[in-house]
Amino acid sequence: DVKVTQSSRYLVKRTGEKVFLECVQDMDHENMFWYRQDPGLGLRLIYFSYDVKMKEKGDIPEGYSVSREKKERFSLILESASTNQTSMYLCASSTGQLYGYTFGSGTRLTVV
Amino acid sequence: QQQVKQSPQSLIVQKGGIPIINCAYENTAFDYFPWYQQFPGKGPALLIAIRPDVSEKKEGRFTISFNKSAKQFSLHIMDSQPGDSATYFCAASPGGFKTIFGAGTRLFVKA
């Protein structure tokens, strides 16, 4: 069964900490994405990558960075966590421009 | 112009009913319109998708209706079951990678 795996289901971090969220896919997909999900706001795109070492900003990139050193792995980095980054973070991958996404189960991050 | 507006926020129907979720968009560059289903504790899963060159698509009990001139599309769930209780997201993609999601609709199907 193909899948997208996010390393942590729940994380609690302190304000100011550097936080790494890891995502791995086993489908050999070119494209990978990071979204955050908040009640009433749906899913908002943070960053995406269409190839190794390539990255593009989404709609809400402020306070985040990403790394894609290998095709199967896409990491989201919170340089200095803040309480307004408390959210559900979803990683996804896809094989092409007009294909649906395969999502991971999400990481619920709480910043205290 | 990049928004996708989804309604209603929540919906309760009896088993066997036909819940309808509506979405509207403004960007005419959107050319792929997927729907995702999300159960608690899980990530969204692709349910069904449509391209703007067709007005309707059916997969099992799920139907998308698409009105290009009105820039609206909707999801109908025929003979709804308690197992369909989930959050549904409409989305739109402008032929690239930046899929835009609606705010979601929480559906509850009463047994």
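Here's what I pulled together on the structure shown here.

Conventions we followed
Residues numbered from 1 in each chain as written. Chains lettered and ligands numbered in written order. Predicted model: local features only at pLDDT ≥ 70, side-chain atom pairs only at ≥ 80, totals over all residues. Heavy atoms only, no water. Helix = DSSP H or I, 4+ residues; strand = E, 2+ residues; numbered from the N terminus. Rg over C-alpha atoms; globule rule 2.2 N^0.38 Å. Buried < 20%, exposed > 50% of the residue type's maximum accessible area, 1.4 Å probe, protein only. Contact = heavy atoms within 4.5 Å. Areas by Shrake-Rupley, 256 points an atom, 1.4 Å probe, with all protein chains shown as cover. Lys, Arg positive; Asp, Glu negative; His and termini not counted. Charge placed at Lys NZ, Arg CZ, Asp CG, Glu CD. Pairing = 2+ DSSP bridges. Disulfide = S-S within 2.5 Å. Axes fitted to C-alpha atoms, helices over the stretch in contact; angles between N-to-C directions. Buried area = accessible area lost by both parts, 1.4 Å probe. Salt bridge = Lys/Arg side-chain N within 4 Å of Asp/Glu carboxyl O. Polar contact = N/O pair within 3.5 Å; in protein donor to acceptor, adjacent residues only side chain to side chain. Nonpolar A, V, L, I, M, F, W, Y, C, P; charged D, E, K, R; others polar.

Assigned secondary structure in chain B consists of zero helices and eleven strands. Reading the helices (α) and strands (β) of chain B from amino to carboxyl end gives β-β-β-β-β-β-β-β-β-β-β. For 111 residues, the compact-globule estimate of 2.2 N^0.38 gives 13 Å, and the C-alpha radius of gyration of chain B, at 13 Å, lies within 12% of that figure. Projected onto its principal axes, the C-alpha coordinates of chain B cover approximately 40 × 30 × 20 Å. Here chain B holds 111 residues, and 48% of them are scored as buried. Restricting the contact set of chain B to residue pairs at least 6 apart, pairs at least 24 apart contribute 53%. Accessible area for chain B stands at about 5400 Å²; split by element, carbon and sulfur atoms hold 50% of it. Charge separation in chain B, taken as the distance between the mean sites of 12 positive and 7 negative side-chain charges, equals 6 Å.

The next thing to look at is the overall build of chain A. In terms of regular secondary structure, chain A is built from zero helices and twelve strands. Along chain A, helices and strands appear, N-terminal first, in the series β-β-β-β-β-β-β-β-β-β-β-β. A compact globule built from 112 residues should have a C-alpha radius of gyration of about 13 Å, and chain A, at 13 Å, falls within 12% of that. Across its three principal axes, chain A shows a C-alpha extent of roughly 35 × 25 × 25 Å. Going through the 112 residues of chain A one by one, you find that 49% of them count as buried. By sequence separation, contacts in chain A at least 24 residues apart represent 54% of the contacts at least 6 residues apart. Accessible surface for chain A amounts to roughly 5500 Å². Of this, 49% is attributable to carbon and sulfur atoms. For chain A, the distance from the average position of its 15 positive side-chain charges to the average position of its 14 negative side-chain charges is 6 Å.

All names here are of chain B. The alternating pattern of strand β3 (residues 20–25) places Ile21, Cys23 and Tyr25 on a buried face and Ile20, Asn22 and Ala24 on a face that is not buried. Here strand β1 (residues 4–7) pairs with β3 via four bridges, running antiparallel. Across the sheet, residue valine 4 finds its bridge partner in β3, namely tyrosine 25. The pairing of β3 with strand β8 (residues 72–77) spans five bridges and is classified as antiparallel. Within β8, the residue paired with isoleucine 20 across the bridge is histidine 76.

This part is about the state of the cysteines. Residues and elements named next belong to chain A. Under the criterion given, the structure shown has two disulfides over all chains. Sulfur-sulfur distance for the disulfide between cysteine 23 and cysteine 91 comes to 1.9 Å. Disulfide cysteine 23-cysteine 91: the torsion about the S-S bond is -75 degrees, which places it as left-handed. Highlighted residues: cysteine 23 in strand β4 (residues 23–25) and cysteine 91 in strand β10 (residues 87–94), separated in sequence by 68 residues.

Moving on to the sheet that holds β1 of chain B. Residues and elements named next belong to chain B. Read across the open sheet, the five strands follow the order β1-β3-β8-β7-β6; overall the sheet is antiparallel. In this open sheet, the two edge strands, each paired with only one partner strand, are β1 and β6 (56–59). Sheet twist, expressed as the mean angle between neighbouring strand axes with direction ignored, is 15 degrees. Summarising the sheet, strand β7 (residues 62–67) and β8 pair through six bridges and their orientation is antiparallel. Paired with isoleucine 64 across the two strands is leucine 75, which belongs to β8.

Facing the 21 residues of chain B at the interface are 24 residues of chain A. Each partner contributes to the roughly 1800 Å² buried at the junction of chain B and chain A, and carbon and sulfur atoms together form 57% of this total. Between chain B and chain A we count one salt bridge in total. Residues lysine 98 of chain B and aspartate 59 of chain A are paired through a salt bridge, measuring 3.7 Å at the closest nitrogen-oxygen approach. For the interface between chain B and chain A, the tally reads six residue pairs in polar contact (both at pLDDT 80 or more). If you list the elements that add at least two residues to the side of chain B that touches chain A, you get β4 (33–38) and β10 (100–101) of chain B. A per-class count over the side of chain B that touches chain A returns nine nonpolar, eight polar and four charged.

These values are about where atoms sit, not about what they do.
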